[in-house]
Amino acid sequence: MNFLQYASIGAIALTYLGLGLGYFPGLRMNRATIALVGSAILIGLGVLSLPEAWQAIDPKTIVFLLSMMVVNANLAYAGFFQVALAFLLRLTRSPFGLLIVLTFGSGFLSAFLLNDTLALVFTPLTLSLTQTLKLNPIPYLLALAAATNIGSVATISGNPQNILIGSFSRIGYVEFARVLAPVAVVGLCLQIALLWWYYPEVRSLKGKPPEVASLQAVSGEATPVSYRIYRPLFIKSVIVTLALLTSFVLGVPLAEAALVAAALLLITRRLKPERVLSEIDWNLLVMFSGLFILTRGTQKLNLLAPFTAWVGDPAGLIAVTAILSNLISNVPAVLLIEPLISQEDTRSWLMLAAGATLAGNLSLFGAVANLITVEAAARLGYKLTFWEHLRFGLPLTVLTLSIVYFWVR
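Model, not experiment: these values are computed from the prediction. Sequence order sets the numbering: in each chain, residues are counted from 1 along the sequence as written. Reporting in this predicted model follows two pLDDT cut-offs: at least 70 for local features of residues, and 80 or more for side-chain atom pairs to be given and counted; totals over whole chains, interfaces and linings ignore these cut-offs and use all residues. As a convention, hydrogens and water are excluded, and side-chain values are obtained from all of the structure's heavy atoms.

Caption draft 1: Summary view of the overall build of the protein chain. Think of it this way: any DSSP run of H or I at least four residues long counts as a helix, any run of E at least two long counts as a strand, and we number them from the N terminus. When its secondary structure is counted, the protein chain shows 20 helices and two strands. A compact globule built from 409 residues would reach a C-alpha radius of gyration of about 22 Å, and the protein chain, at 21 Å, matches this within 12%. The buried label applies to any residue whose accessible area, calculated with a 1.4 Å probe on protein chains only, is under 20% of its type's maximum; exposed applies above 50%, and partly exposed to all values in between. The 409 residues of the protein chain split such that 55% are buried. Contact criterion: two residues are considered in contact whenever any of their non-hydrogen atoms come within 4.5 Å of each other. Considering only contacts within the protein chain whose residues lie at least 6 apart along the sequence, 79% involve residues at least 24 apart. With an accessible surface of roughly 18200 Å², the protein chain has 66% of that area assigned to carbon and sulfur atoms. Restricting the calculation to C-alpha atoms gives the radius of gyration, and the globule rule supplies 2.2 Å times the number of residues raised to the power 0.38. Reported accessibility uses the Shrake-Rupley method at a 1.4 Å probe radius. Residues are deemed covered only where the shown protein chains occlude them.

The structure is reproduced here in structure tokens:
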């Protein structure tokens, strides 16, 4: 190998190290800028030309992700998520009932809407609720973070890595859900059992009905307030979302269907476009684009050869996916493994999807939803430590990945 090849390999290794950490010490960089800079270095070193780099970016994935963000933003501004949580809370009268409702409610919603959105919206509401009811928020935050991860494994639209796999594999929406939805249901039951075992205070079947149709965190305090519903936007957003999910089931191409739904929601007299566009996670889209380019560069340098033998075995595929997902995050892990799986190998694609998602429960750093809940709790004075999360996340991850191994095979 010549100097440029060594430099290219070093740049890729350094980039993935930064992606795993989420930053570089002493530099103000996040995963999006790290992926973008790493891609630029590969282009500068001649590993890829600019046209090759552009062609490496999968347009269907970017369009689908962007469109789902527009749909989620409209639902959030309409008050849909607050209404959904308020409805769920009316179903229970006890700490244990609350745990069950929060787990299955957030798990179900995250199967159809991006899971990170659920974590962002539900976390402050959950904290407000537990403060008002004088409950320990930690088990409920763990339930929320894990449920958004586990629930999202059920469908292609549940999380970004599933969107990627749906684009690469061409697996139908219904077929994907038919195989992995049972895994999600069993996983949600397992997490309830673990939290019941670890936290005796959630075992109570008695309690006052939560007299909170809606709660929100205001200045760090739990304040019961009336939530606001923008009725015309609410009705429009729900109708468009239901039509979108129906189109998925009917087999309409995912990216095209989501783009049309987003376009319909952007035709409005009530919501300024700046408000919707400000809710788009542009960092995630930039990171995805950079990761596509990095993966193409990794392929050209033939750096994926050591993983080939592992990926060919179901247990090896799950293990490699789980390890990489916790080292460099699940989306980069999926993009690294993707070239090693043939488009016709449906079983391996499903295992990759399940492994990359469920491995996110292993540690605090395994998924964005985990970090969202931890940071929100810390702002209100509740400390969820790495080890407390690991005590819950490790057995949950081992159990759910074992289920995937035996079920998908």
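Moving on from the model shown.
Caption draft 2: Highlighting the environment of L21. Secondary-structure assignment places L21 in helix α1 (residues 3–21). Separated by 174 residues in sequence, L21 and L195 have C-alpha atoms that sit 29 Å apart.

Caption draft 3: Focus on unusual backbone geometry. A positive phi is found at R170, a non-glycine position, where the angle reads about 65°. Within the secondary structure, R170 is located in the loop between α9 (160–169) and α10 (173–198). Residue R170 is classed as exposed on the basis of its relative accessible area of 51%.

Caption draft 4: Representation of the packing of helix α6 (residues 95–112) against α10 within the structure. Orientation is described by axes fitted as lines to C-alpha atoms, over the contacting stretch for helices, and by angles from 0 to 180 degrees between their N-to-C directions. Look at α6 against α10: their axes get within 11 Å of each other, and the N-to-C directions meet at 155°. As the angle between them shows, α6 and α10 are arranged roughly antiparallel. Along this stretch, α6 crosses α10, giving a crossing that reads as right-handed. Side by side, α6 and α10 meet where F96, L99, I100, T103, F104, G107, A111 and F112 of the first sit next to Y173, V185, L188, C189, Q191, I192, L195 and W196 of the second. When residues are sorted by character, Ala, Val, Leu, Ile, Met, Phe, Trp, Tyr, Cys and Pro go into the nonpolar class, Asp, Glu, Lys and Arg into the charged class, and all the rest, Gly among them, into the polar class. Classifying every residue of the contact of α6 with α10 gives 13 nonpolar, three polar and no charged. Here the word oblique covers every angle except those under 35 degrees (roughly parallel), over 145 (roughly antiparallel) and from 65 to 115 (roughly perpendicular). Working rule for handedness: look at the near helix, and if it is turned counterclockwise from the far one by less than a right angle, call the crossing left-handed; if clockwise, right-handed.

Caption draft 5: Structural view of helix α16 (residues 314–328). Take the number of residues in a helix, subtract one, and multiply by 1.5 Å to get its expected span. Taking 1.5 Å per residue, 15 residues should reach 21 Å; α16 reaches 21 Å between its end C-alpha atoms and fits that length. Of all 15 residues making up α16, eleven are buried, and the element is well covered by its neighbours. Among the residues of α16, P314, G316, L317, I318, V320, T321, A322, L324, S325, N326 and I328 are the ones counted as buried. Sitting at the amino-terminal end of α16 is D313, which places a side-chain oxygen 3.2 Å from the backbone nitrogen of A315. Immediately downstream of α16, the backbone of S329 shows phi near 85°, a positive value. Between N or O atoms, a polar contact is any pair within 3.5 Å; within protein, one atom must be a potential hydrogen donor and the other a potential acceptor, and residues adjacent in sequence are included only when both atoms are from side chains.

Caption draft 6: Seen up close, the environment of G316. Assignment of secondary structure puts G316 in helix α16. Residues G316 and V174, 142 residues apart in the sequence, show an inter-C-alpha distance of 27 Å.

Caption draft 7: Inspection of the side chain of S247 at higher detail. By the element assignment, S247 lies in helix α11 (residues 231–249). Separated by 2.5 Å, the side chain of S247 and the backbone oxygen of L244 make a polar contact. Excluding residues within four positions of it along the chain, S247 makes contact with V252 and A257.

Caption draft 8: Representation of the packing of aromatic side chains. Under the pairing criterion, centres of Phe, Tyr and Trp rings, with the six-membered ring standing for Trp, must be within 6.5 Å; the plane angle then separates stacked pairs below 30 degrees from edge-to-face pairs above 60, leaving the rest tilted. This model, assessed by the stated rule, comprises eight aromatic pairs. Between the aromatic rings of F288 and F292, the centroid separation amounts to 6.5 Å while the plane-to-plane angle is 70°, which identifies the pairing as edge-to-face. Of this pair, F288 and F292 both sit in helix α14 (residues 282–300), four residues apart, which is roughly one turn of the helix. On the basis of relative accessibility, which here comes to 0%, the residue F288 falls in the buried class. We classify F292 as buried; its relative accessible area is 5%. The structure contains a cluster of three or more aromatic residues connected by ring pairs, namely F168, F288, F292 and W349.

Caption draft 9: Here's a closer look at the pattern of salt bridges. One speaks of a salt bridge when a side-chain nitrogen belonging to Lys or Arg is within 4 Å of a carboxyl oxygen belonging to Asp or Glu. Inspection of every chain in the model, using the stated rule, returns two salt bridges. When the shortest N-O distance is used, the salt bridge between E52 and K300 registers 3.5 Å. Taken together, the residues E52 in helix α3 (residues 50–56) and K300 in helix α14 connect sequence positions 248 residues apart. Note on E52: relative accessible area 30%, which makes it partly exposed.

Caption draft 10: Representation of the side chain of S157 in the model. Checked against the element boundaries, S157 lands in the loop between α8 (137–152) and α9. Separated by 2.7 Å, the side chains of S157 and Y173 make a polar contact. Apart from residues lying up to four places away in sequence, S157 is in contact with F64, M68, A111, F112, L113, L114, I163, Y173 and F248.

Caption draft 11: Structural context of the confidence of the model for the protein chain. Per-residue confidence from the prediction method is given by pLDDT, with values spanning 0 to 100. Per-residue confidence for the protein chain gives a mean pLDDT of 83, with 92% of residues at or over 70. The secondary structure element of the protein chain with the lowest average pLDDT is strand β1 (residues 215–218), at 36, and the one with the highest is α10, at 95. With pLDDT under 50 throughout, residues 209–226 is counted as low confidence; its partners more than four residues away or in other chains account for 38 contacts.

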